[in-house]
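# Secondary and tertiary structure notes
Residue-level listing of the chains:
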Amino acid sequence: MMQNFPNSEMIESCSVGVNVVLSDNWIAKTIKKMLVEGIETWAPRLIIKRAVVDFPSPNIAKELHVGHLRTCIIGDAIARLLEFSNVEVLRRNHVGDWGTQFGMLLELIFEENPNWDVEGQLALNDLAALYKKANARFKEDSDFKERAQKSVVRLQGGEVKYVKAWEKIREISRGAFNELFSRLGVQSEEMGESFYGKYIPEVLEALSDQVKDDDGTRVIFSEHLLGKGGKPLCLIVVKSDGGYSYDTTDLAALWYRVNQEKADWIIYVTDVGQKGHFQMVFEAAERAGWLPGNDPCCPKAFHVGFGLVQAEDGKRLRTRDSEVPRLVDLLDEAKNCSKGKILELIKEKKSSDQLSEDS
Ligand SMILES: NC(=[NH2+])NCCC[C@H](N)C(=O)O
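Residues numbered from 1 in each chain as written. Predicted model: local features only at pLDDT ≥ 70, side-chain atom pairs only at ≥ 80, totals over all residues. Heavy atoms only, no water.

An unreviewed UniProt entry lists the protein under the name Arginyl-tRNA synthetase, with Dipteronia dyeriana as the source organism. As recorded by UniProt, the Sequence similarities (unreviewed entry) comment attached to the protein reads in full: "Belongs to the class-I aminoacyl-tRNA synthetase family." (UniProt positions renumbered as here; feature names shortened; annotations may be inferred.)

Counting its regular elements, the protein contains 11 helices and 10 strands. Across its three principal axes, the protein shows a C-alpha extent of roughly 80 × 60 × 40 Å. In the protein, which comprises 359 residues, the share counted as buried stands at 40%. Within the protein, counting contacts between residues at least 6 apart in sequence, those at least 24 apart form 71% of the total. When the accessible area of the protein is evaluated, it comes to approximately 20500 Å², of which 53% is carbon and sulfur surface. Within the protein, one finds 47 positive and 56 negative side-chain charges whose respective centroids are separated by 0 Å. (Helix = DSSP H or I, 4+ residues; strand = E, 2+ residues; numbered from the N terminus. Buried < 20%, exposed > 50% of the residue type's maximum accessible area, 1.4 Å probe, protein only. Contact = heavy atoms within 4.5 Å. Areas by Shrake-Rupley, 256 points an atom, 1.4 Å probe, with all protein chains shown as cover. Lys, Arg positive; Asp, Glu negative; His and termini not counted. Charge placed at Lys NZ, Arg CZ, Asp CG, Glu CD.)

Sheets are built from strands paired through backbone hydrogen bonds, the pairs being either parallel or antiparallel. Strand order in the open sheet formed by 3 strands is E6-E7-E8, with antiparallel pairing between adjacent strands. Either end of the sheet is taken by a strand with one partner, and the two such strands are strand E6 (211-214) and strand E8 (232-238). The mean angle between the axes of side-by-side strands here comes to 50 degrees, regardless of whether they run parallel or antiparallel. Sheet analysis places strand E7 (residues 217-226) next to E8, joined by 5 bridges and oriented antiparallel. Opposite Phe221, over in E8, you have Cys234 as the bridge partner. (Pairing = 2+ DSSP bridges. Axes fitted to C-alpha atoms, helices over the stretch in contact; angles between N-to-C directions.)

The following block contains the structure:
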């Protein structure tokens, strides 16, 4: 194993497994250097100047759950490491604020209160409950489904009533999310899916030679990923109703990050379930010439996928239809448990001090 490490004075020895013993000499030398010249001397030197880190990027109108803790912590750690290495980091909170889910939600909200755009007031947990209800209606009630689909088009087309209510929903979510992010000490600038809407026509134009018709939807086929029956997987860029999808937005966002923000590295932190999605987005961008492909030079896009947090039954956590523990409750519980433990320890210590004083 030792032979496979690059030659370095840093490592004294190592054994099979993950035991690495750092050399005392190296530690002493490095600490001395830090004390004399400052902690910055520890930062690895990177050739890049600017990076986008896309995290935690939750979906608006849903509650944060334990899975979001991972994207928050991993994304923030990556951003800090890069900043430590003198890279300018653009932290991008790519919130889901533009899809079909808004059609359902707005449709249900207006059904229950036609003037919600002016007089509506809701808390995030009410919104999350409405979201679940809207989802169930969407599945069961074809009339509702049709209206919800039309609502998205009205929203995306800029109809005032819809845009106003949508703004309100974003506001409610933003307040609740920010409270949690500041509790975790995590910062990321909100630039959600909707931000890239205005670039979509231009981006689709740039991709036009890759876009194909597939049964009424416009798609970009992967050259590497195959689905069931050996058919290539694809990104859906224009849905059969004319709407754009998560895939379209991500193509536009990547285009923007490379060509407008001029990022050298673009890092996406999501659960590993989205690996294929990002692989196809990067593939399309390489064919379009936005990313140089295998070439080691920049810009480069990476997907950092983390393991899914599973529900107790071993299934995927889905805020849409199951009862998922809320992140806010989890944090409260963790805090209370730690507090209890600390108080217990203090009590134990006090009584043992008392004992030794008495004796
Ligand atoms: N550019 C991106 N697609 N970022 C990640 C977005 C994650 C998405 N909103 C989700 O909750 O699954």
